[in-house]
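Take a look at the letters that make up each chain.
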Amino acid sequence: MKQHTVTDSPYGPLTLVATDGVLSGLYMTAQRHRPDEETFGEPDPAPFGETIRQLDAYFARDLKEFDVPMRLEGTPFQRDVWNQLRQIPYGETRTYGQLADALGNIGASRAVGLANGKNPIGIIVPCHRVIGSTGSLIGYGGGLDRKQRLLAFESGASDDSLF
């Protein structure tokens, strides 16, 4: 059974989706690879109290690591990539190549990028922390503007001029 709710954030409304009471999606407006809204289930804020509490603490700079239960649905390779994303510390970045190397396949940086782009639980599974090999901002399902703002936010910048 799926349920969803929408919560506000400094980066626009976030749609939270739960499958059998466990967080399985966090989507931004106009996000690439955002599923059709009909798949989000019934509106019900009940399963999302702790997720919203942690998101609010994150946006207040009081939380740097999420620990909400998640149900990451994807291929085994995608789940491996998403688990690697969760290892990137707050305020730090990794390149697609570094993630591929961590997975034991240095030549898989493009595949890592594709899996990264299909991350179903943005922000909490921090796909925004992945950058190009030259340090450039490359791709982000939520848009490069949001990626830049999230990275600037995590760096402690008082504005969005970090990149």
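Analysis parameters
- Residues numbered from 1 in each chain as written.
- Predicted model: local features only at pLDDT ≥ 70, side-chain atom pairs only at ≥ 80, totals over all residues.
- Heavy atoms only, no water.
- Pairing = 2+ DSSP bridges.
- Helix = DSSP H or I, 4+ residues; strand = E, 2+ residues; numbered from the N terminus.
- Contact = heavy atoms within 4.5 Å.
- Axes fitted to C-alpha atoms, helices over the stretch in contact; angles between N-to-C directions.
- Salt bridge = Lys/Arg side-chain N within 4 Å of Asp/Glu carboxyl O.
- Buried < 20%, exposed > 50% of the residue type's maximum accessible area, 1.4 Å probe, protein only.

Asks: Where do I start with the sheet that holds strand β4 (residues 42-43) in this structure?
Replies: One key point about sheets: their strands pair by backbone hydrogen bonds, in either a parallel or an antiparallel sense. Read across the sheet, four strands follow the order β3-β2-β1-β4 without closing on themselves; strand pairing throughout is mixed. Edge positions in the open sheet fall to β3 (22-28) and β4, since each of these has one partner strand only. Here two bridges tie strand β1 (residues 2-7) to β4, and the two strands are oriented parallel to one another. Bridging across to β4, His-4 finds its partner in Pro-43. Sheet strands touched by helix α1 (residues 49-59): β1, β2 (14-19) and β3. Its angle to β2, the strand with the most contacts, is close to 145°.

Asks: I tried to follow the pattern of salt bridges on my own but got confused; where do I start?
Replies: Side chains that differ in charge, positive against negative, can pair when their charged atoms come close. By the definition in use, this model includes six salt bridges. Arg-34 serves as the salt-bridge partner of Glu-37, at 2.8 Å between the closest nitrogen and oxygen. The closest approach of N and O atoms between Glu-154 and Arg-129, which form a salt bridge, is 2.8 Å. Of this pair, Glu-154 sits in helix α5 (residues 144-155) while Arg-129 sits in the loop between α4 (109-117) and β6 (130-131), placing them 25 residues apart in sequence. Each member of the pair, Glu-154 together with Arg-129, is buried. The structure contains a network of salt bridges with shared partners spanning Asp-20, Arg-71 and Glu-73.

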